[in-house]
Amino acid sequence: MIMKKIPMRKCIACGVQKPKKELIRVVKNNENEVFVDFTGKANGRGAYICKDKACFDLAIKKNAFNRALETKIEDKVFEKLKERLDEHE
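Draft legend 1. Up close: the layout of surface pockets. Counted as a void, the largest pocket has a volume near 360 Å³. Considering the residues around the largest pocket, the lining is formed by 17 residues, among which K20, K21, L23, T39 and G40 are closest to the centre.

What follows is the structure in structure tokens.
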């Protein structure tokens, strides 16, 4: 029986590698729009973060989203991500 490979990604805040499905993806597409990717399959440059408020706060403090996506991110994206994190708690 063949073992299926589980894609691993690293959280931009804490640096811990986890399976892709356990992380939330934030994407910057070709039109420089930044949004939370709920499917995990949207085209564009992605950054992953744990489903944890501590990681979210650390990423904001370290400016990790702006660095990972190579652009300035608007506050509304952070608000949407914070709402998503509230749903998981």
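Draft legend 2. Broad picture of the environment of R84. On the secondary structure map, R84 appears in helix α3 (residues 75-88). A relative accessible area of 22% places R84 in the partly exposed class. In this structure the C-alpha to C-alpha distance between R84 and T39, which are 45 residues apart in sequence, comes to 13 Å. Contacts of R84, omitting those with residues within four sequence positions, involve I24 and F38.

Draft legend 3. Representation of the pattern of salt bridges within the structure. The full count for this structure, using the stated rule, is three salt bridges. Between E70 and R45 there is a salt bridge; the shortest N-O distance is 3.6 Å. Of this pair, E70 sits in the loop between α2 (64-69) and α3 while R45 sits in strand β5 (residues 45-50), placing them 25 residues apart in sequence. Since its relative accessible area comes to 55%, E70 is described here as exposed. Of the residues examined, R45 reaches a relative accessible area of 41% and is grouped as partly exposed. Between K76 and E74 there is a salt bridge, with the nearest N and O atoms lying 3.8 Å from each other. What makes K76 exposed here is its relative accessible area of 57%.

Draft legend 4. Expanded view of the packing of aromatic side chains. Scanning the entire structure with this criterion turns up two aromatic pairs. Considering the side-chain rings of F56 and F78, the 6.4 Å spacing of their centres and the 70° angle between planes classify their relative orientation as edge-to-face. Here F78 lies in helix α3 and F56 lies in helix α1 (residues 53-62), a separation of 22 residues in the sequence. In textbook terms, an aromatic cluster arises when at least three aromatic residues are bridged by ring pairs, as seen for F56, F65 and F78.

Draft legend 5. Geometry of the environment of D75. Note that D75 resides in helix α3. Along the chain, D75 and N29 lie 46 residues apart, while their C-alpha atoms are 17 Å from each other.

Draft legend 6. Structural view of the sheet that holds strand β3 (residues 23-28). Pairing is antiparallel in the open sheet, where three strands are placed in the order β4-β3-β5. Every interior strand has two partners, whereas the edge strands, β4 (34-37) and β5, have only one. If you compare each strand with its neighbour and ignore which way they point, the axes differ by 30° on average. Bridging between β3 and β4 involves four bridges; their strand directions are antiparallel. Within β4, the residue paired with K28 across the bridge is V34.

Rules used in this analysis
- Residues numbered from 1 in each chain as written.
- Predicted model: local features only at pLDDT ≥ 70, side-chain atom pairs only at ≥ 80, totals over all residues.
- Heavy atoms only, no water.
- 1 Å grid on protein atoms, 1.4 Å probe; cavity = no way out; pocket = protein on both sides within 12 Å on 5 of 7 lines; lining within 4 Å.
- Points joined across faces, edges and corners; volume = space filled by probe spheres on them.
- Helix = DSSP H or I, 4+ residues; strand = E, 2+ residues; numbered from the N terminus.
- Buried < 20%, exposed > 50% of the residue type's maximum accessible area, 1.4 Å probe, protein only.
- Contact = heavy atoms within 4.5 Å.
- Salt bridge = Lys/Arg side-chain N within 4 Å of Asp/Glu carboxyl O.
- Phe/Tyr/Trp six-rings, centres within 6.5 Å; stacked < 30°, edge-to-face > 60°.
- Pairing = 2+ DSSP bridges.
- Axes fitted to C-alpha atoms, helices over the stretch in contact; angles between N-to-C directions.

On their own, these measurements won't tell you what the molecule is for.
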